[in-house]
Amino acid sequence: MDITPPGDGSRRVPAQRRNKSPLPDVRAEARRLCGRFAASIGDDTTPDELADIVYEAARRWANAGLTHVDAHNALQDALREVIERLAAEPTPALSHQLRMIVAAAVHLPRTVLRAYYPQLQPYLAAPPAAGRALADSVLALGTPAGGGAAGGGGVAGVRIAAAYEVVAVQLRSGAPTVLAPMRRLLHGVRAHRDAVLSVVAESGGTVLIPVAPHEPARELDDLLATAATAADLTLTAAAVRAGVPELPAARQHAHELLDLVEQLGLGPGLYRVGDLAVEHQLAHGGFARDRLAAILDPLDPEPELLVALDRHIRAGGIGTRTAELLGLHPATVTRRMRRIRELTGIEPNDVFGLWRLRAALVARTTRPIDPAPADDHLR
């Protein structure tokens, strides 16, 4: 952002906003609003009163092209000036005035965000901070510092299950943000399961769903599919079942699997270790992986062969289906498969040859998995 030198009390706006209506004198208006609130403080005043008048002003500032950062800064500066003015001429009511101003200031950042981003209203009305803290606490039980507690205990009043499905979730939604749809997804899951915990980021996160020791995985698959449909979401997820001591490792594993799903373009659905065991093993770095990926190096000068091989694998090695996926004549597909055999020495129309080529393509396509644990796998 282009910012004027300090001291002149103003900020420039991006070039694409300069043709909009003139910017209001936001600093002067912010001083008036905060001063009016301070002057009106009495026994029956609430912090929400400042939020209400700021919300309407912030909507006008947003429509005029002012950034929400500049609006926030103007309000903070105005509150600081009001406090300094009150402190310079103290009255018996000063203590009460300061408490009210501080209480009101806590809500102002959220008020400005509500005005600038209406789509965040459901999230800002009740953000899942407490739920995230509980989820982090349960995940910490699996670390040495957490003590590796067994099921049956509790964290902050929440009973800890003996085992969880650790579900790494990636969402696609038509909404500008997936925070509200994610809340709808969790609401649908919690309608059928107690003590569901989550760590939510902007486009997905980690969900901990308690499970019974011998509960079929199919039940969870159906539950998530139903909740995603009800929330109008396209859900891509990877699930790993684990006891409490293994939760941190399970979380990392689940997000590694989800990353593989996205790299390989496998599409929406719920994936488990058994679905991607070979792919996950191939994605680990090492000499064998490098040798496997090198099988396809001779195809680099003819990238259309790599595309044809990918579609041939997705078609299960059926030439006519490959032709449909590529939009080509079957004879063209036959020529490309023959060329792949000439360059790699492996027959793509043989079941064992196609398996080797698929393994090579996975090793080539996926990023090597770092064996070192990551702190957070949310994207």
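Residues numbered from 1 in each chain as written. Predicted model: local features only at pLDDT ≥ 70, side-chain atom pairs only at ≥ 80, totals over all residues. Heavy atoms only, no water.

A. Highlighting the overall build of the protein. Per the secondary structure count, the protein includes 15 helices and seven strands. The buried share among the 379 residues of the protein stands at 42%. In the protein, 69% of the contacts between residues at least 6 apart in sequence involve partners at least 24 apart. As displayed, the protein offers around 19,600 Å² of accessible surface, 55% of which is attributable to carbon and sulfur atoms. (Helix = DSSP H or I, 4+ residues; strand = E, 2+ residues; numbered from the N terminus. Buried < 20%, exposed > 50% of the residue type's maximum accessible area, 1.4 Å probe, protein only. Contact = heavy atoms within 4.5 Å. Areas by Shrake-Rupley, 256 points an atom, 1.4 Å probe, with all protein chains shown as cover.)

B. Main features of the nonpolar core. Counting residues in hydrophobic clusters, the biggest one holds 30 residues, and the most contacted among them are Leu-50, Trp-61, Leu-75, Ile-101 and Tyr-116. For this core, the secondary structure elements donating two or more residues are α1 (26-40), α2 (48-64), α3 (68-88) and α4 (94-116). At eight residues, α4 tops the list of elements feeding residues into this core. With near-sequence residues (within four places) excluded, Tyr-116 lies in contact with Ala-58, Trp-61, Ala-62, Leu-66, Thr-67, His-68 and Ala-71. Leu-264, Ala-293, Ile-346 and Ala-363 belong to the second largest nonpolar core, which has 24 residues in total. (Core = buried A, V, L, I, M, F, W, Y, C linked by side-chain atoms within 4.5 Å.)

C. Structural context of the pairing of strand β7 (residues 269-272). Examined bridge by bridge, strand β6 (residues 234-243) and β7 share four bridges and lie parallel to one another. Across the sheet, the residue bridging to Ala-238 is Tyr-271, located in β7. Read as a crossover between parallel neighbours, the route from β6 over helix α9 (residues 247-264) to β7 is left-handed. (Pairing = 2+ DSSP bridges. Right-handed = clockwise from strand over helix to strand, strands pointing away.)

D. Summary view of the pattern of salt bridges. Enumeration according to the criterion identifies 16 salt bridges in this entry. Close ionic contact of Arg-80 with Asp-77 constitutes a salt bridge, the shortest N to O distance being 2.3 Å. Of the two residues, Arg-80 and Asp-77 both sit in helix α3, three residues apart, roughly one turn of that helix. Classification of Arg-80 as partly exposed rests on a relative accessible area of 44%. Of the charged contacts, one joins Glu-347 and Arg-341 as a salt bridge, the two residues approaching to 3.0 Å between their closest N and O atoms. The class for Glu-347 is partly exposed, based on a relative accessible area of 26%. The network of salt bridges with common partners includes Glu-165, Asp-221, Arg-241 and Arg-272. (Salt bridge = Lys/Arg side-chain N within 4 Å of Asp/Glu carboxyl O.)

E. Spotlight on the environment of Ile-346. Residue position: Ile-346 is located in the loop between α14 (330-344) and α15 (351-365). We classify Ile-346 as buried; its relative accessible area is 6%. Ile-346 sits 51 residues away from Ile-295 along the chain, and the two C-alpha atoms are 9.1 Å apart. Excluding its chain neighbours within four sequence positions, the residues that come into contact with Ile-346 are Ile-295, Ile-340, Arg-341, Gly-353, Arg-356 and Leu-357.

F. Highlighting the confidence of the model for the protein. The pLDDT averaged across the protein works out to 76; a share of 74% of its residues lies at or above 70. Looking across the protein, the model is least confident in strand β1 (residues 154-155), with a mean pLDDT of 50, and most confident in α14, with 92. Every residue in residues 126-130 is under pLDDT 50, and counting partners more than four places away or in other chains gives five contacts. Throughout residues 144-153 the model reports pLDDT below 50, and contacts reaching past four residues in sequence, or to other chains, amount to 17 contacts. (pLDDT = per-residue confidence, 0-100.)

G. Local environment of the packing of α2 against α4. Two numbers describe how α2 lies on α4: the axes approach to 9 Å, and their chain directions differ by 35°. Handedness of the crossing formed by α2 with α4: right-handed. Taken together, the residues of α4 that come into contact with α2 (itself represented by Leu-50, Ala-51, Val-54, Tyr-55, Ala-58, Arg-59, Trp-61 and Ala-62) are Ala-104, Leu-108, Thr-111, Val-112, Arg-114, Ala-115 and Tyr-116. Of the residues assigned to the contact of α2 with α4, the class counts are 12 nonpolar, one polar and two charged. (Axes fitted to C-alpha atoms, helices over the stretch in contact; angles between N-to-C directions. Left-handed = near helix turned anticlockwise from the far one by under 90°. Nonpolar A, V, L, I, M, F, W, Y, C, P; charged D, E, K, R; others polar.)

H. A look at α14. Its 15 residues place the ends of α14 21 Å apart at the C-alpha level, agreeing with the 21 Å of an ideal helix rising 1.5 Å per residue. For α14, the elements touching its buried residues are α12 (303-314), α13 (319-326) and α15. Positive phi appears at Gly-345, one or two residues downstream of α14, with a value of about 80°. (Expected span 1.5 Å × (residues − 1).)

I. Focus on the environment of Val-333. In this structure, Val-333 sits in helix α14. Not counting chain neighbours up to four residues away, the residues in contact with Val-333 comprise Gly-319, Thr-322, Ala-323, Leu-326 and Leu-328.

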